[in-house]
Amino acid sequence: MQAFASSLRAPVRRAAFSSARIPRASFRSSYRRYTTQPEAPKSKTALYAGLGALAIGGVAFYLYSSSSDTLGTTAKSAAQSVKAAAHFVPTKEDYQKVYNKVAEALDEAGDYDDGSFGPVLLRLAWHSSGTYDKDAHTGGSNYATMRFEPESLHDANAGLNVARGIMEKIKQDFPWISYGDLWTLGGVAAIQEMSGPKIPWRAGRIDGLPKDVTPDGRLPDASQGQSHLRDIFYRMGFNDQEIVALSGAHALGRAHTDRSGFDGPWTFSPTTLTNDFYKLLLEEKWIWRKWNGPKQLTDKKTTSLMMLPTDYSLVQDKTFKKYVKAYAEDESLFFKDFSAVVSKLFELGIPESQFTTTEKWSLKTLDEQKEESK
Ligand code: HEM
């Protein structure tokens, strides 16, 4: 997929569009942009130049190779052992501090994508959880095996070195936290800070070893259709309604030609969680994009949005479509179901006995904490 030249990336066009949204009052960052703003096509070189600029700007952001990953993990595990030996028992407040650090890091994105690291951090949390196999009892977020090769190099994980790099920097401040807890807590912070619902979460994941790496092919292949979606998500233990609810995450972020090969955002507000993914699927006319890249759809009206073949299959399948309609009509229903299903996703494969509490926690957003301190 690397072969698809990033110069093929279509410029996002300015468009008047019925579903374009006004940023919510609670929308925190003035950095974040809407996709209706034109964006300069990015080359790979430009991306790295951008990353360099971020570093100069004091943004904690670096890429690290999987081999140094392993070494880093050894050092960090040692730090964890030291904390454990000192009988350090983190409380909910300690995890709230980690949440806050991630939440602050989201807006340090500067020129990166649409001005937030939120979407890519959510994708990391999902890809680390979505390897779960309910029959084999392997995979899931427990061991954070994406730190190791070959999982870090699986095609589906292309680009997630960006997210792992951001998380690695945060880990330095909180060496006691496991990678699985850190990455999933990052997903929780990303959703909540991008105006999404509360995602109940609790701690307890432990760091695994390279032997725990899961085989390639467990994550969905976007070029396929509804039967593939069912194969992949039933294996994790999800049903049709949950598949549709999870897919609403594509209201956030964008596809990158130098990662998956696909290109563009799904909605006009890719750093705010809404039910627009479902509305757009139903309301727009989707046509196959004519380009030198993988098969994807574009909206006929503005040609600035995209849908993956898997996304489009949600309105071609009668059962899936029923849920698409329900979520398009009722954002609060989507938020309720999304909260439940993401909470379940992030806990796949973790033995109950490993969790530090039976109750899941509701962590506070930065806005809520600001309000409280007034
Ligand atoms: C239903 C099957 C799914 C398929 C086939 C799929 C596929 C993809 C692909 C191809 C990309 C573009 C990656 C890139 O080029 O950077 C992407 C991005 C993304 N996906 Fe999914 N995905 C699925 C489900 C999910 C789920 C369940 C979640 C979260 C709950 C999720 C969250 C995201 C986010 C937030 C992005 C944007 C990342 C960014 O902006 O860097 N996806 N997905």
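Quick caveat: nothing in here was measured; it's all calculated off a predicted structure. (Residues numbered from 1 in each chain as written. Predicted model: local features only at pLDDT ≥ 70, side-chain atom pairs only at ≥ 80, totals over all residues.)

1. Here's the deal with the packing of helix α4 (residues 118–129) against helix α5 (residues 160–173)
- Between α4 and α5, whose axes approach to 9 Å, the crossing angle comes to 95°. With respect to each other, α4 and α5 are oriented roughly perpendicular. Contacts between α4 and α5 involve V120, L121, R123, L124 and H127 from the former and L160, V162, A163, R164 and I166 from the latter.
- Considering only residue class, the contact of α4 with α5 consists of seven nonpolar, one polar and two charged. (Axes fitted to C-alpha atoms, helices over the stretch in contact; angles between N-to-C directions. Helix = DSSP H or I, 4+ residues; strand = E, 2+ residues; numbered from the N terminus. Parallel < 35°, antiparallel > 145°, perpendicular 65-115°, else oblique. Contact = placed C-beta atoms within 7 Å. Nonpolar A, V, L, I, M, F, W, Y, C, P; charged D, E, K, R; others polar.)

2. Digging into the sheet that holds strand β5 (residues 306–307)
- Spatially, β3-β4-β5 is the arrangement adopted by the three strands of the open sheet, whose pairing is antiparallel. For this open sheet the edge positions go to β3 (286–288) and β5, each flanked by a neighbour on one side alone.
- Here β3 pairs with strand β4 (residues 297–299) via three bridges, running antiparallel. Across the sheet, residue W288 finds its bridge partner in β4, namely L297. (Pairing = 2+ DSSP bridges.)

3. With respect to the environment of S116
- Counting through the fold element by element, S116 comes out in the loop between α3 (92–106) and α4.
- In this structure the C-alpha to C-alpha distance between S116 and L106, which are 10 residues apart in sequence, comes to 5.2 Å.

4. Observations concerning the site of the ligand
- Taken together, the neighbourhood of the ligand is formed by 24 residues, with P119, A249, G253, R259 and S260 sitting nearest.
- Among the elements that make up the shell around the ligand, the one with the highest residue count is α4 (five residues).
- Among the residues forming the shell around the ligand, the class breakdown is 14 nonpolar, seven polar and three charged. (Near = placed C-beta within 6 Å.)

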